[in-house]
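Below are the chains, spelled out letter by letter.
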Amino acid sequence: MRPQRFLIRAALTLLPLTWMCSAQAEESPFIFGHRATAPASVTDGTPWTEDTHTRLPTLPADADLIAVQLDGTPDAFDYFIDGRQLQIGPDQVVRYTLLARSASGARNLSFEGIRCTLKGQYRVYAYGSESGFIPVDEDWHSIDASPERYRVELWQHHLCTPRSITPRPLADIKRSLSGHSVSRHHSGFLFN
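The following paragraphs examine the structure supplied in this document. (Residues numbered from 1 in each chain as written. Predicted model: local features only at pLDDT ≥ 70, side-chain atom pairs only at ≥ 80, totals over all residues. Heavy atoms only, no water.)

A tally of regular secondary structure across the protein chain gives three helices and 10 strands. Put simply, the protein chain runs from its N terminus to its C terminus through helices and strands in the order α-β-β-β-β-β-β-β-β-α-β-β-α. Residues classed as buried in the protein chain amount to 33% of the 192 residues present. In the protein chain, of all internal contacts separated by at least 6 residues, the share reaching a separation of at least 24 is 46%. As displayed, the protein chain offers around 13100 Å² of accessible surface, 57% of which is attributable to carbon and sulfur atoms. (Helix = DSSP H or I, 4+ residues; strand = E, 2+ residues; numbered from the N terminus. Buried < 20%, exposed > 50% of the residue type's maximum accessible area, 1.4 Å probe, protein only. Contact = heavy atoms within 4.5 Å. Areas by Shrake-Rupley, 256 points an atom, 1.4 Å probe, with all protein chains shown as cover.)

Written out as structure tokens, the structure reads:
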């Protein structure tokens, strides 16, 4: 019976302490528990939806290709964007036809899109062959997870405006891709 008496005494001793601590917590200047971090007038924005009317482009003509210069060490491929097919959709996705050409002359063709978000996202819509584009059903992927360096550079330096995280104007994208400077309003750096 001694252990039961000990437990009863301990409970009776701790009960007033618990009550005192809870009373002090109500008067405390510290915040206990969750409180809203934004004013009630702040509401969630409209969720982004992708334009479902994306059409596959025609095969690029060599005269329309803009060479993309990558920073850093040389890559196994030379990259080109079809300037004629470059577009910014109503959903704010920059869609482009990319030609990757190896030193041996092999050509890989894809139709892709990049979202100008804080971390960047890309999607491949189709792969090209000599007869045209073949659509693929792929989801959006993080640019951070992309093994291809060209996507990171397109997102960081050419397609997106760093300060407002929106697509650059089409004329500025083409100027940037061809190695010319863009207006100060549309310049800057994106950081991962």
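With respect to the element layout, His158 can be found in helix 2 (residues 149-159). Of note is the side chain of His158, whose polar atom sits 2.7 Å from the side chain of Ser176. Discounting residues that sit within four places of it in the chain, His158 has contacts with Gln69, Glu153, Arg168, Ile173, Ser176 and Leu177. (Polar contact = N/O pair within 3.5 Å; in protein donor to acceptor, adjacent residues only side chain to side chain.)

Quick look at the state of the cysteines now. In protein structure, a disulfide is the covalent linkage between the sulfur atoms of two cysteines. On inspection of all chains with the given rule, the structure shows one disulfide. With its sulfur 2.1 Å from that of its partner, Cys116 forms a disulfide with Cys160. In this structure, the disulfide formed by Cys116 and Cys160 twists by about -80° around the S-S bond and is classed as left-handed. Of this pair, Cys116 sits in the loop between strand 5 (107-115) and strand 6 (121-129) while Cys160 sits in strand 9 (residues 160-161), and the two are 44 residues apart along the sequence. The exposure classification of Cys116 matches that of Cys160, with both residues buried. (Disulfide = S-S within 2.5 Å.)

Counting residues in each nonpolar core, the largest one holds 22 residues, and the members touching the most others are Ile81, Tyr96, Ile114, Leu154, Leu159 and Leu177. For this core, the elements supplying multiple residues, two or more each, are strand 1 (65-68), strand 2 (77-82), strand 4 (93-102), strand 6, helix 2 and helix 3 (170-177). If we ignore the near neighbours within four places in the chain, the residues touching Tyr96 are Ile81, Leu86, Ser110, Phe111, Glu112, Gly113, Ile114, Tyr150, Arg151, Leu154 and Leu159. The next biggest cluster of nonpolar side chains, apart from the first, holds 10 residues, and it includes Tyr125, Ala126, Phe133 and Trp140. (Core = buried A, V, L, I, M, F, W, Y, C linked by side-chain atoms within 4.5 Å.)

Okay, the pairing of strand 5 next. Of all the nine residues making up strand 5, seven are buried; the element is thus mostly covered by neighbouring parts of the structure. What sits between strand 4 and strand 5 in their antiparallel hairpin is a turn of four residues, with Gly105 showing a positive phi close to 100°. Sheet topology places strand 5 next to strand 6; seven bridges connect them, and they run antiparallel. Considered in strand 6, the bridge of Arg115 is made with Gln121. (Pairing = 2+ DSSP bridges.)

Our next topic: helix 3. When helix 3 is considered as a whole, its buried residues turn out to be Asp172, Ile173, Ser176 and Leu177. The buried residues of helix 3 occupy one face: seen down the axis, they fall within an arc of 130°. Each element contacted by the buried residues of helix 3 is listed here: strand 1, strand 2, strand 3 (87-88), strand 4 and helix 2. Once helix 3 finishes, Gly179 follows within two positions and takes phi at roughly 95°, a positive value. (Arc of directions from axis to C-beta.)

As a further point, take the layout of surface pockets. Size it by volume and the second largest pocket reaches roughly 210 Å³. Along the wall of the second largest pocket there are 14 residues; nearest its centre are Leu98, Ala100, Asn108, Glu148 and Tyr150. Secondary structure elements with two or more residues in the lining of the second largest pocket: strand 2, strand 4, strand 5 and helix 2. A breakdown of the residues in the lining of the second largest pocket according to their chemical character gives seven nonpolar, two polar and five charged. (1 Å grid on protein atoms, 1.4 Å probe; cavity = no way out; pocket = protein on both sides within 12 Å on 5 of 7 lines; lining within 4 Å. Points joined across faces, edges and corners; volume = space filled by probe spheres on them. Nonpolar A, V, L, I, M, F, W, Y, C, P; charged D, E, K, R; others polar.)

What follows concerns the environment of Asp78. Within the fold, Asp78 resides in strand 2. C-alpha separation for the pair Asp78 and Ser102, spaced 24 residues apart in sequence, amounts to 6.4 Å.

Turning our eyes to something else, we now look at the pattern of salt bridges. Under the counting rule described, the total for this entry stands at eight salt bridges. A salt bridge links Arg84 to Asp64, with the shortest nitrogen-to-oxygen separation between them at 2.7 Å. Here Arg84, found in the loop between strand 2 and strand 3, pairs with Asp64, found in the loop between helix 1 (2-27) and strand 1; they are 20 residues apart in sequence, far enough to count as distant. Relative accessible area serves as the criterion here: at 47%, Arg84 is assigned to the partly exposed category. (Salt bridge = Lys/Arg side-chain N within 4 Å of Asp/Glu carboxyl O.)

These results come straight from atomic positions and should not be treated as a statement about function.
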